[in-house]
Amino acid sequence: MNAAEPSAGSSAPSTERGRLLVVDDEPAIVDTVTRFLRFVGYDVRTAGTGRQALTVARDFLPELVLLDIMLPDGDGFEVLRRLRADGLPVAVVFLTARDTRKDVVRGLTAGGDDYITKPFGLDEVTARIEAVLRRTRRAEPGGDVLRVADLELDSAAHQVRRAGRHIDLSPTEFRLLRYLMLHPDRVLTRARLLEHVWSYDFNGDDTVVATYISYLRRKIDDGQSPPLIHTRRGVGYCLRTPPC
């Protein structure tokens, strides 16, 4: 890393340029990259494993992930696959020591937006981030807002409204509703909801899903017609678009 780093006494710009997640298991790299990106104005969170990355991404909803390929609990390609399966509108830039042409091609064909090899310059990382964000922001106008019938979820503002009425949700309720809204009119099994909302594969008691579905129903459907959240007994749940 050969760009000048901010000194301890430097003051960061006040304007937030975007939300970034840095995923790497090398603390020195995470610390240096994070401090520099915060200095130039980004809101940055970090993770050291793939599991942590998925958990943070689902709560923080970053615009872009700087993702190492070699992680202690798997590889970055699997993290990217899970992010895409979750429907998260996030750009991914691989930041890795794997620098063969085969690795670069695999990273890009897997759905990565760019590929930076170590060692790297912090000015290069910033320039690549800016270029990717310019592309993705143009490609997905309004991508942070989901709508089903009279229900609206704004991921950036972390707000939910139904028929114009604000609905206060916990972080887990918000993630669950967002995942249902990403797959309207599709029955989602409890196992799938556990995997994508609670950030782990779950082979035991799945009553937590039913519990949170009941919380959502009380907040989303009570007093509203028609109801949007439906149960397919013995299978799972869906957010159903009312018939015209």
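Keep in mind that this is a model prediction, so the values were computed, not measured. (Residues numbered from 1 in each chain as written. Predicted model: local features only at pLDDT ≥ 70, side-chain atom pairs only at ≥ 80, totals over all residues. Heavy atoms only, no water.)

1. Digging into the sheet that holds strand E7 (residues 114-117)
Now for step 1: Sheet architecture is open: five strands sit in the order E2-E1-E3-E6-E7, paired in parallel fashion. Among the strands making up the open sheet, the edge pair consists of strand E2 (43-47) and E7. Averaged over all neighbouring strand pairs, the angle between strand axes comes to 20°, with direction disregarded.
Now for step 2: Pairing analysis gives four bridges linking strand E6 (residues 91-96) to E7, with the strands arranged parallel. In the strand pairing of E7, Phe94 is matched with Tyr115. (Pairing = 2+ DSSP bridges. Helix = DSSP H or I, 4+ residues; strand = E, 2+ residues; numbered from the N terminus. Axes fitted to C-alpha atoms, helices over the stretch in contact; angles between N-to-C directions.)

2. Topic: the pairing of strand E14 (residues 236-239)
Now for step 1: Burial along E14 is two-sided: Gly236 and Cys238 facing one way and Tyr237 and Leu239 facing the other are all buried.
Now for step 2: In this sheet, E14 lies alongside strand E12 (residues 188-189) in antiparallel orientation, the contact comprising two bridges. Directly across from Thr189, in E14, lies its bridge partner Gly236.
Now for step 3: Bridge count for strand E13 (residues 229-232) against E14 is four bridges, and the pairing is antiparallel. Looking at E14, one finds that His230 is bridged to Cys238. (Buried < 20%, exposed > 50% of the residue type's maximum accessible area, 1.4 Å probe, protein only.)

3. A closer look at the confidence of the model for the protein
Now for step 1: When the pLDDT values of the protein are averaged, the result is 83; 87% of them are 70 or greater.
Now for step 2: Confidence drops under a pLDDT of 50 for residues 7-15, and excluding neighbours within four residues, the segment shows eight contacts in the predicted structure. (pLDDT = per-residue confidence, 0-100. Contact = heavy atoms within 4.5 Å.)

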